[in-house]
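# Reading the structure
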Amino acid sequence: MSGRITEIGRWQGFLLQLPLLVWLVVLWLLLWGHVTVISVLTGILLALLVTRIFYLPPVDLSGRFSVYWGLAFAWHFAVDLVRASVLVAWQAIDPRGVPVNSVLAIQLHTRSDLIMTLTAEAISLVPGSLVVEVDRERSLLYVHALGTPDDAAVERVRHSVLVVEERIVRTLGSEHDVWLINRERRAAGRPPIRLSARQRRYEEAREGE
Amino acid sequence: MSAAELLDAGSVLFLFAAALLSLAAGIGIVRFPDPLSRMHAATKPQILGLVCALVALGLQAENGATVAALVPILAFQMLTAPVSAHMVGRAGYRTRHLRRDLLLRDELADAIDKAHADAAHHDVEPDLPGLVTDEDTSTPRP
């Protein structure tokens, strides 16, 4: 019986690692620039080899991916990137002088390493915000924000980071991550996100504890 | 105007935008007063500038393989630029290479002060938030 369970566990572990393997194979094919039987086979072989030799702590994927929110995230990201790039380019040449900045402690909802990393990457790629320090234990990002003349601008930066986190959680967050966001949204009197029947059961179970 | 001429015009526009963004980044590096601000100018408009340059190249590409080679360039740039910016910014902050008079708020300094105050109160080592990332990341969270 227990052998069967570890077998299932191993199979699920493999399925959860599959996106990483697929990405490595795709990368290999992109580097070669053509798709042949040999390049695909060597790609699979190398992907398996690389994940065995350069062993990293397994990434906790939730096993869920929303294509709609993934596209929404990509679209908002592209818009932010263009707008902020132009803004920083202007701040660089603004004749009125250099901007006033802030270092902000931003409390994320998630406890997941993956979502925290993706959020940090996304806000670092958008000009005007730079992650200076990360507190993994407390899920805190210390963000250096360019151009925060007043408190209202500071709160805008804080809000924009949390919105990015929310979009990433909607795309691939676990039920627990969605629950953490929903708990705060309910407390603030805002409607919860992504309430599938399964999510509702999960949240009722957690609220009941 | 033929299709080839339209593509050429598009490439010119995108290359021009890329050049402008690089110019702004260069001016920003000279004008911004501390490493943290300079990292914004040095690394960030480059991403959009790179996208523009790659689109210009893609418009001129004659086969799919060239376009496929452009994708990993952008992917790796997007993965590595934030990491290098973070490392330089982090080192800059820790070695105090920043102009505090230009900061409206510094909540990291507040957190460090609080950690030191708590540690002095309980007579223990300060629980500094920044030092957490130096630990072995393979250990699970508590």
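This section reports on the structure supplied with the text.

## Quick word on the overall build of chain B
Along its length, chain B carries four helices and one strand. What you see in chain B, going N to C, is helices and strands ordered as α-α-α-β-α. Once local pairs closer than 6 in sequence are excluded, the contacts in chain B between residues at least 24 apart make up 57%.

## Description of the overall build of chain A
Tallying secondary structure elements over chain A gives seven helices and three strands in all. Mapped in sequence order, the helices and strands of chain A form the string α-α-α-β-α-β-β-α-α-α. Across the 209 residues of chain A, 42% fall into the buried class. At a minimum sequence separation of 6, the contacts of chain A that also span at least 24 residues come to 64%. For chain A, the computed accessible surface area is about 11900 Å², with 67% contributed by carbon and sulfur atoms.

## Thoughts on unusual backbone geometry
Across the chain, the bulk of peptide bonds are trans and the bulk of non-glycine residues have phi less than zero. All names here are of chain A. Positive phi values are uncommon outside glycine, yet S139 reaches one of about 55 degrees. Along the polypeptide, S139 turns up in the loop between β2 (129–135) and β3 (140–145). Judged by relative accessible area, S139 falls into the buried class, the value being 0%.

## Observations concerning the interface of chain A and chain B
Between chain A and chain B, the contact holds 56 residues from the first and 51 residues from the second. Contact with chain B buries surface across chain A, with A:L130, A:E133 and A:R136 losing the most and accounting together for 14% of the total. Remark: the boundary between chain A and chain B carries two salt bridges. Here A:E133 and B:R94 are joined by a salt bridge, their closest N and O atoms 3.3 Å apart. If you look at where chain A meets chain B, you find seven residue pairs in polar contact (both at pLDDT 80 or more). Those elements giving two or more residues to the side of chain A that touches chain B turn out to be α1 (2–32), α3 (67–93), β1 (101–107), α4 (113–125), β2, β3 and α5 (151–172) of chain A. In terms of residue count, α3(A) provides more of the side of chain A that touches chain B than any other element does, nine residues in total. Direction of pairing for β1(A) relative to strand β1 (residues 103–106) of chain B: parallel, over a ladder of three bridges. By the bridge assignment, A:V103 is partnered in β1(B) with B:D106.

## Brief notes about the packing of aromatic side chains
All names here are of chain A. Tallied over the full model, the rule gives three aromatic pairs over all chains. With a centroid separation of 5.4 Å and an interplanar angle of 85 degrees, the aromatic rings of Y68 and W69 are classed as edge-to-face. With a relative accessible area of 23%, W69 lands in the partly exposed category. The interplanar angle of 25 degrees and the centroid separation of 6.0 Å between the aromatic rings of F73 and F77 together place this pair among those described as stacked. One end of the pair, F73, and the other, F77, are both in helix α3, four residues apart, so they sit about a helical turn from each other.

## Considering the nonpolar core
Formed by 31 residues in total, the largest nonpolar core has its most connected members in A:F77, A:I123, A:V131 and A:L141. Of all the elements in the fold, those that place two or more residues in this core are α3, β1, α4, β2, β3, α5 and α6 (175–187) of chain A together with α3 (64–94) of chain B. Setting aside residues up to four positions removed in sequence, A:F77 forms contacts with A:A122, A:L125, A:V126 and B:M78. By size, the runner-up hydrophobic cluster in this structure holds 14 residues, among which are A:V132, B:A85, B:Y93 and B:A109.

## Side note on helix α1 (residues 3–31) of chain B
In this model α1(B) runs 42 Å from its N-terminal to its C-terminal C-alpha over 29 residues, within 8% of the 42 Å that 1.5 Å per residue would give. If you check which residues of α1(B) are buried, you get B:G10, B:S11, B:A18, B:L21, B:A24, B:A25 and B:G28. Residues of α1(B) that are buried make contact with α3 of chain A together with α2 (35–60) of chain B.

## Focus on the packing of α4(A) against α3(B)
Between α4(A) and α3(B), the least distance of the axes is 9 Å, while the angle of their chain directions is 90 degrees. When the axis of α4(A) is compared with that of α3(B), the two are roughly perpendicular. Contacts between α4(A) and α3(B) pair A:E121, A:S124 and A:L125 from the former with B:M78, B:L79, B:P82 and B:V83 from the latter. Here the residues of the contact of α4(A) with α3(B) sort into five nonpolar, one polar and one charged.

## Concerning the pairing of β2(A)
Residues and elements named next belong to chain A. Counting buried positions along β2 gives seven out of seven residues, so the element sits mostly inside the fold. Where β2 meets β3, six bridges bridge the pair, whose relative direction is antiparallel. Note on β3: the bridge partner recorded for S129 is A145. Connecting β2 to the next strand, β3, in antiparallel fashion are four residues, including S139 with a positive phi near 55 degrees.

Analysis parameters
Residues numbered from 1 in each chain as written. Chains lettered and ligands numbered in written order. Predicted model: local features only at pLDDT ≥ 70, side-chain atom pairs only at ≥ 80, totals over all residues. Heavy atoms only, no water. Helix = DSSP H or I, 4+ residues; strand = E, 2+ residues; numbered from the N terminus. Contact = heavy atoms within 4.5 Å. Buried < 20%, exposed > 50% of the residue type's maximum accessible area, 1.4 Å probe, protein only. Areas by Shrake-Rupley, 256 points an atom, 1.4 Å probe, with all protein chains shown as cover. Buried area = accessible area lost by both parts, 1.4 Å probe. Salt bridge = Lys/Arg side-chain N within 4 Å of Asp/Glu carboxyl O. Polar contact = N/O pair within 3.5 Å; in protein donor to acceptor, adjacent residues only side chain to side chain. Pairing = 2+ DSSP bridges. Phe/Tyr/Trp six-rings, centres within 6.5 Å; stacked < 30°, edge-to-face > 60°. Core = buried A, V, L, I, M, F, W, Y, C linked by side-chain atoms within 4.5 Å. Expected span 1.5 Å × (residues − 1). Axes fitted to C-alpha atoms, helices over the stretch in contact; angles between N-to-C directions. Parallel < 35°, antiparallel > 145°, perpendicular 65-115°, else oblique. Nonpolar A, V, L, I, M, F, W, Y, C, P; charged D, E, K, R; others polar.

Without other data, these values stay purely geometric and don't point to any function.
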